[in-house]
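Notes for the structure review
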Amino acid sequence: MAPIKKIAIITEFIYNIGGIEKSILELIKGLEKRNIKFDIYCGLYDQSKTFPEFKNYKINTFLTKKLPAAIHSLYLRYKFNKLKLISYDGYIFYGFHSIAAAKNNQPNVLWSMNPLAYLYLGDNAKINNSILKSISKIYVTILKHIDQKNIQGINQLLSLGRSEEHTSELQS
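What counts and what doesn't
Residues numbered from 1 in each chain as written. Predicted model: local features only at pLDDT ≥ 70, side-chain atom pairs only at ≥ 80, totals over all residues. Heavy atoms only, no water. Core = buried A, V, L, I, M, F, W, Y, C linked by side-chain atoms within 4.5 Å. Buried < 20%, exposed > 50% of the residue type's maximum accessible area, 1.4 Å probe, protein only. Helix = DSSP H or I, 4+ residues; strand = E, 2+ residues; numbered from the N terminus. Contact = heavy atoms within 4.5 Å. Salt bridge = Lys/Arg side-chain N within 4 Å of Asp/Glu carboxyl O. Expected span 1.5 Å × (residues − 1). pLDDT = per-residue confidence, 0-100.

1. Quick notes on the nonpolar core
With 23 residues, the main nonpolar core has Ile 9, Ile 14, Ile 24, Phe 54 and Tyr 94 as its most contacted residues. Looking at this core, the elements with two or more residues in it are strand 1 (6-14), helix 1 (19-33), strand 2 (37-45), strand 4 (90-94) and strand 5 (108-112). Here this core gets 6 residues from one element, more than from any other, and that element is helix 1. Residues contacting Ile 14, with those up to four places away along its chain left out, are Glu 21, Ile 24, Ile 40, Cys 42, Leu 44, Tyr 45, Asp 46, Thr 50, Phe 54 and Ile 59. Counting residues in hydrophobic clusters, the runner-up holds 20 residues, among them Ile 10, Tyr 15, Tyr 41 and Phe 93.

The structure is reproduced here in structure tokens:
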């Protein structure tokens, strides 16, 4: 296997001080230690709402503000579906919106904490309005279908929480 020289990190968001953001920062540290270049492609990025370390990196982004929830999810899936990157030795995905780019960006890995539970655990019992419940059911069915199709483009699925260890695995 040829040495890895450049990686694309593709994430649905860098918008919080949370697990995905922390994992991406750990990955970046590991890549920098190994002199592996990287670029970050992000669906939603707001520098003011996340770790200040991200200010040190160029983040290619689709959005800087959230859209209404239903539109937001479909818009990001559409934008990621159109993303065709070149000149990378591999692609690392975070988040389910971003996997729409998997089929066009190979070889790849999805590092995930968990699937979108609302898509796979049934109806949202907390919605009392029958019209909203019906609309929600249709919307979730559409997203579930999209995600099940997009996940087929993923080459490998790894659990988050061990980014430094996984970074070492990239070189072996």
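Now, onward.
2. A few points about the environment of Leu 67
By the secondary structure assignment, Leu 67 is in the loop between strand 3 (59-63) and helix 2 (69-81). The exposure class of Leu 67 is partly exposed, given its relative accessible area of 30%. Distance from Leu 67 to Leu 44, taken between C-alpha atoms, is 9.8 Å for residues 23 residues apart in sequence. If we skip the residues at most four places from it in the chain, Leu 67 touches His 72 and Tyr 75.

3. Notes on the pattern of salt bridges
Applying the stated criterion across every chain yields a total of 3 salt bridges. The shortest N-O distance in the salt bridge between Glu 26 and Lys 29 comes to 3.1 Å. You can see Glu 26 and its partner Lys 29 sitting in helix 1, 3 residues apart, about one turn around the helix. The class of Glu 26 is partly exposed, set by a relative accessible area of 31%. What makes Lys 29 partly exposed here is its relative accessible area of 45%.

4. Quick look at helix 1
In this model, helix 1 (15 residues) spans 21 Å end to end at C-alpha, consistent with the 21 Å of a helix rising 1.5 Å per residue. Within the span of helix 1, buried status applies to Ile 20, Glu 21, Ser 23, Ile 24, Leu 25, Leu 27, Ile 28, Gly 30 and Leu 31. Just downstream of helix 1 lies Asn 35, where phi reads positive at about 55 degrees.

5. Considering the confidence of the model for the protein
Per-residue confidence for the protein gives a mean pLDDT of 85; residues scoring 70 or more make up 83%. Least confident of the elements in the protein is helix 5 (residues 163-171), whose mean pLDDT is 49; most confident is strand 2, at 97.

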